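Here are the chains, one letter per residue:
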Amino acid sequence: MRLTNSSWGRYSILVLLTIVGQAPIFAQPERVRRGLEVLYEFDEGEGSTVRDVSGAGEPIDLTIAEPKKAKWSRGFLTLKNETSLKSTGPAIRVNRAIKDSQSLSLEAWIKPANSVQTGPARIISLSSDPSHRNVTLGQSAAAWEVRLRTTGTSVNGIPAIASSSGSCSAALAHVVYTRNKDGEVQLYVDGKRALTEAINGDLSNWDEQFPLLLANEASGDRAWLGELHMVAIYSRALSADEVDQNFRAGVDDLQQLAKQLPPPASRNVDFVTDVQPIFREHCFDCHAAGSEEANLNLATKARALEGGLHGAVLIRGDSLRSSLIHWVAAVDRGRVMPPKDHAPLNAEQIGILRAWIDQGAEWPAEADELDPRIAQARKHWAFQRLRPVAVPHVAGEASHSPVDAFVAQELIANDLGLAQPAAAAALARRIYFDVIGLPPTPEQVDEFCRAYDQDSKNAIADLSKRLLSSSQYGERWARHWLDVVRYAESDGQESDRDRPNAYRYRNFVIKAFNEDLPFNQFVRWQIAGDEYEPNNPDAVVATGFLTAGTHSQLADTFIEEERLFNRYNELDDVVSTLGTSLLGITVGCARCHDHKYDAFSAREYYRLLSAFHSGDRKVDKLPNGEDALYFSDFGRQVQTTWLFRRSDFYDRELEVQLGFPAMLSQGREADAYLADARSAMPDLNSTLQRRALAEWLTDIDQGGGALVARVFVNRVWQHYFGHGLVRTESDFGVRGDPPTHPELLEYLTHDFVTHGWKIKRLQQMIIGSAAYQSRSRLLSDDHAKSIEIDAENRLLWRMPPKRLEAEALRDAMLAVSGTLNLEPCGPGFKPYIAPEANLARNIKGESYPTDAPDDANTRRRSVYMFHKRLIPYPLFQAFDRPDFLVSCARRQNTTVAPQALALLNDRFVRACAKDFAKRLLHECGDDDTAIAKRAFLLALSREPTSTEIATSTEFIAMQVQSRTARQESAPRIEALTDFCQSIFGLNEFIYLD
């Protein structure tokens, strides 16, 4: 890094000192001043004004439009967000002097935030808007560009001149542009001529009313991000020697500084034996866990490299530029470390630190001195590395299944036994609903029962394998995942606009389950599919995981504060959903403060947020030409992320970079994952931060993969048993429930990962267990002891009864009525909703239809139903379908009067009951006994008892008589409809035994 002649003046001193208290030993070198019109050295250190210190006339000071978007450092101003520095009025003096002399020079010491800024991004500009300028120095990706208005160019300074690509990088540079009276222009970079050209015309058409701007146009849409160290404008063309003089003036300060600091140690320096003891003795009192003054922590690698309130303190490979060395060597009286009441570092210690930094600041991961909370958190069962678990030895049938061995071990320890196996017909119904979400036909039940009688184990294995291979399997299990990711097809919020292309994500999830996509790949694609396989439509649309939450499309009239509030609420939704759905950690509270219970800090929250800060939702073409809603980065440029104290997005003191929770990380930092991602896709126009996060999430050895796997295995168990082995399915933190069978969860998770993260294999293991196949219905007093010991069935002594979810209930009605349309995928359908239930206000865009037909298209499976967040489907609302405003780990299971009323009065239920009645009439004719038997077989997968037959036929006859007396047009069909509707209301239809 090269500093200007006044660099250390900008650090609030006029001269360098060898030791605090000594006299000055050298003066500032001279720089060229003839023809100087304005000079900005950015040594104010605070405030919203940058002073012109040229002394050339009436000062042309600049005002920072949005001071909260700029950060003062020692001797330079960092622009991390889009803002501008602008003269309070026209820069008449500068414009007139250049116009009169017909020559000029623009000079700047600047450090771009990155080498991909385009527009071009304006650095120095005398202009009124992007189309009218006198002159502009800008950055066009990896090149410097100048636009100069003459009588021979356009009013926009076109044609422009530019240095070669690659001449601009994210490093401090000295850039000078000159133009003499003859029209000859030169561009110098770091003292060397980079370009020579001639531009026709003169400067007589310059507009003297144009203001002077830095880092943007007056329109605010050509922002440049980076560090401003010095800017000067001359009303004459500097010669090559003068450019070199100014450049060398900048170098001299570093050369002089090097003479004043203790030299680096001449040997190889080891962090653990040489450096860490210095930190421990002199720094940890103020800069370690529990006492992070100025937000600086020197106890862990990631935090030390990130720096604190005053920016980075270590610049690997360059101790001269490292603030840590400046502070411990006391070159700045205003900032001396350690403070005066502590013993200072001696020359040898400073030399060791310098050598360590110059040698690359190597820091072994195992050398971190962790926050005691993190060290304690790593002992928590959920946050540890995966380990193989031996299957316990138990006698009897339990020894045949690993699942049952673990369950039996707990039952035996509590003097309990497993319930008897469920009846074959009940088991068939259970497996069908659990795997594909549809009831079996009577023929399918008979086929299974016959096979079960011959060989129960193989019959169950064959049935589960066949159903897992069915296309209906993905439709069933996709719904579970869509609950977790809060998927719906409208925006929510007040406007609740439709999302006509959101369904492609739902289709992807269905396809992923059907094709048994490994879960680790499933996760990676949902976080960063476009950064793995940008030409694969499935991978790109998978990022719908990030766009599935609520969204508000603000009009142009909204002020910036409202836009920022909306933007960071949506990013919080993404981070919070990622935490609960994949990691099983409630990270959202860390938006405002460190997590109260888990070792997850606010800093780590914003480091996770950084992965998504550089992108947003996007509706565009997929590689196959289809329109879709997905997530995409804005480009390669990483957007600056700040730690907002108490979530105040105007509090931008501390910048953070991509990072992952320390309590789950071991031996590998975020920058290593990011480097691998960029190495894998070097030409991709994306930051690749999300790919780095996706790799960390699925890394079982050094990242969060072990926890991600545990959380998902637990979710799979939950959907078969009603509760997870961990009953707080989205909270595996220290305040969550511990697993009822910790060894079983660990065994299943280890097996899951070892066998390629295959979901279907895991499900076959669960279905094949005696625990899953056990009876749920309590028989007389056989289970009195079990109920007394374990009323909540945490030890799994029986299969808990489960109520069908709203979608499965609707699909079951359609299936038994014979009208279920199994057409897969495609856009969502909108079912009929009574107008009086459609009272949401302020809804923008397409309104919900008040006359949706009841036809084949609306009788498709419920997973394909269009869910509009502000207009819930009444039947589903009665049966506890969530609103999908946030992630839903486990649905509520209430028993309330409106459910019975819905089954009695809902238009759809009545229509299905009538179709069911017509089917029974078609298959059984007028034989009410046959109708009753067939109805029970279709709806309940069993024969009715003699009492049930008698009651059913009596009910049908009574309803026919009653409706005939009322002179209805079709009393028999209506009576049979009453019968079928009553079956839909049976507990046995709604619950799985």
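Here's a quick rundown of the structure. Not measured: the values here are computed from a predicted model.

## Some details on the overall build of the protein chain
- A tally of regular secondary structure across the protein chain gives 34 helices and 24 strands.
- In terms of overall dimensions, the protein chain has a C-alpha envelope of 110 × 65 × 40 Å along the principal axes.
- Taking all 993 residues of the protein chain together, 58% fall into the buried category.
- For the protein chain, the proportion of contacts with a sequence separation of at least 24, taken over those separated by at least 6, is 69%.
- For the protein chain, the exposed area adds up to about 39,200 Å²; of that, 49% sits on carbon and sulfur atoms.
- Treating the 112 positive side-chain charges of the protein chain as one cloud and the 133 negative ones as another, the clouds have centres 1 Å apart.

## Concerning empty space enclosed by the protein
- Counted according to the given criterion, the structure contains five cavities of 30 Å³ or more.
- Together, 13 residues line the largest cavity, and Leu546, Glu570, Val574, Asp616 and Arg617 are the ones closest to its centre.
- Those elements giving two or more residues to the lining of the largest cavity turn out to be helix H17 (544–547), helix H18 (560–583) and strand E19 (615–621).
- Ranked by residue count, the leading element in the lining of the largest cavity is H18, at five residues.

## Describing the packing of helix H13 (residues 471–484) against helix H14 (residues 503–514)
- At a minimum axis separation of 7 Å, H13 and H14 run at an interaxial angle of 120°. Between H13 and H14, the angle falls in the class oblique. For the element pair H13 and H14, the recorded crossing hand is right-handed. Here H13 contributes Ser471, Tyr473, Gly474, Glu475, Trp477, Ala478, Trp481 and Leu482 to the contact with H14, which in turn contributes Tyr505, Arg506, Val509, Ile510, Phe513 and Asn514.

## Quick word on the pairing of strand E1 (residues 36–40)
- Burial runs high along E1: five of the five residues are buried.
- Judged from the four bridges that link them, E1 and strand E16 (residues 226–234) form a sheet pairing that is antiparallel. Pairing of valine 38 across the sheet is with isoleucine 233, part of E16.

## As for the packing of helix H22 (residues 705–721) against helix H24 (residues 759–767)
- Close contact between H22 and H24 brings their axes to 11 Å; oriented N to C, the two are set at 45°. Relative to H24, the element H22 is oriented oblique. The two elements H22 and H24 cross, and the hand of that crossing is right-handed. Of the residues in H24, those touching H22 at Phe712, Val713, Val716, Trp717, Tyr720 and Phe721 are Ile759, Leu762, Gln763, Ile766 and Ile767.
- Classifying every residue of the contact of H22 with H24 gives ten nonpolar, one polar and no charged.

## Details of the pairing of E19
- Bridge analysis of E19 against strand E20 (residues 627–633) gives seven bridges, and the strand direction is antiparallel. Across the sheet, the residue bridging to aspartate 620 is alanine 628, located in E20.
- In this antiparallel pair of consecutive strands, E19 and E20, the connection spans five residues, and glycine 625 shows a positive phi of 90°.

## Considerations on the sheet that holds strand E11 (residues 161–162)
- In spatial order, the strands read E2-E3-E6-E15-E8-E9-E10-E11; together these eight strands make up an open sheet with antiparallel pairing. Each having just a single partner strand, strand E2 (49–50) and E11 make up the two edges of the open sheet.
- For strand E10 (residues 143–148) and E11, the ladder comprises two bridges, and the chain directions are antiparallel. In the sheet register, glutamate 145 faces E11, and the bridge partner there is alanine 162.

## Topic: the packing of aromatic side chains
- Enumeration according to the criterion identifies 38 aromatic pairs in this entry.
- When the ring of tryptophan 481 is compared with that of phenylalanine 519, the centres are 5.9 Å apart and the planes differ by 85°; the resulting orientation is edge-to-face. In this pair, tryptophan 481 sits in helix H13 while phenylalanine 519 sits in helix H15 (residues 519–532), placing the two residues 38 residues apart along the sequence.
- Taken together, the aromatic side chains of Tyr473, Trp481, Tyr487, Tyr505, Phe508, Phe513, Phe519, Phe522, Trp525, Phe712, Phe752 and Trp757 make up a single cluster linked through ring pairs.

Rules used in this analysis
- Residue numbering note: each chain is counted from 1, following its sequence as written.
- This being a predicted model, a pLDDT of at least 70 is required before a residue's local features are given, and a value of 80 or more before pairs of side-chain atoms are given or counted; all residues contribute to the totals for chains, interfaces and linings.
- Computation of side-chain values covers all heavy atoms of the structure but excludes hydrogens and water.
- Strands are runs of DSSP state E lasting at least two residues, helices are runs of H or I lasting at least four, and both sets are numbered from the N terminus onward.
- Summary of the burial criterion: residues with accessible area below 20% of their type's maximum are buried, those above 50% are exposed, and those between are partly exposed, where the area comes from a 1.4 Å probe applied to protein chains only.
- What makes two residues a contact is simply this: any of their non-hydrogen atoms within 4.5 Å.
- Using the Shrake-Rupley algorithm and a 1.4 Å probe, accessible areas are obtained, with residue cover drawn only from the displayed protein chains.
- His is not counted, nor are the chain ends; Lys and Arg add positive charge and Asp and Glu add negative charge.
- All charge positions are set by atom: Lys at NZ, Arg at CZ, Asp at CG, Glu at CD.
- The distinction between a cavity and a pocket rests on a 1 Å grid over the protein atoms alone: a 1.4 Å probe fits inside a cavity but cannot get out, while a pocket stays open yet meets protein on both sides within 12 Å along at least five of seven lines, and a residue with an atom within 4 Å of a point counts as lining.
- Grid points are joined across faces, edges and corners, and a volume is the space filled by probe spheres set on the points.
- To get an axis, a line is fitted to the C-alpha atoms, and for a helix only the part in contact is used. The angle between two axes follows their N-to-C directions and goes from 0 to 180 degrees.
- Note that the term roughly parallel is reserved for angles under 35 degrees, roughly antiparallel for angles over 145, roughly perpendicular for angles of 65 to 115, and oblique for everything else.
- Two helices cross in a left-handed way if the nearer one is turned anticlockwise from the farther one by less than a right angle. They cross in a right-handed way if the turn is clockwise.
- A pair of strands is labelled paired if DSSP reports no fewer than 2 bridges between them.
- All residues other than Ala, Val, Leu, Ile, Met, Phe, Trp, Tyr, Cys, Pro, Asp, Glu, Lys and Arg, Gly among them, are scored as polar; the first ten of these are nonpolar and the last four charged.
- Stacked, tilted and edge-to-face pairs are distinguished by plane angle, under 30 degrees for stacked and over 60 for edge-to-face with tilted covering the rest, among Phe, Tyr and Trp rings (Trp via its six-membered ring) whose centres lie within 6.5 Å.

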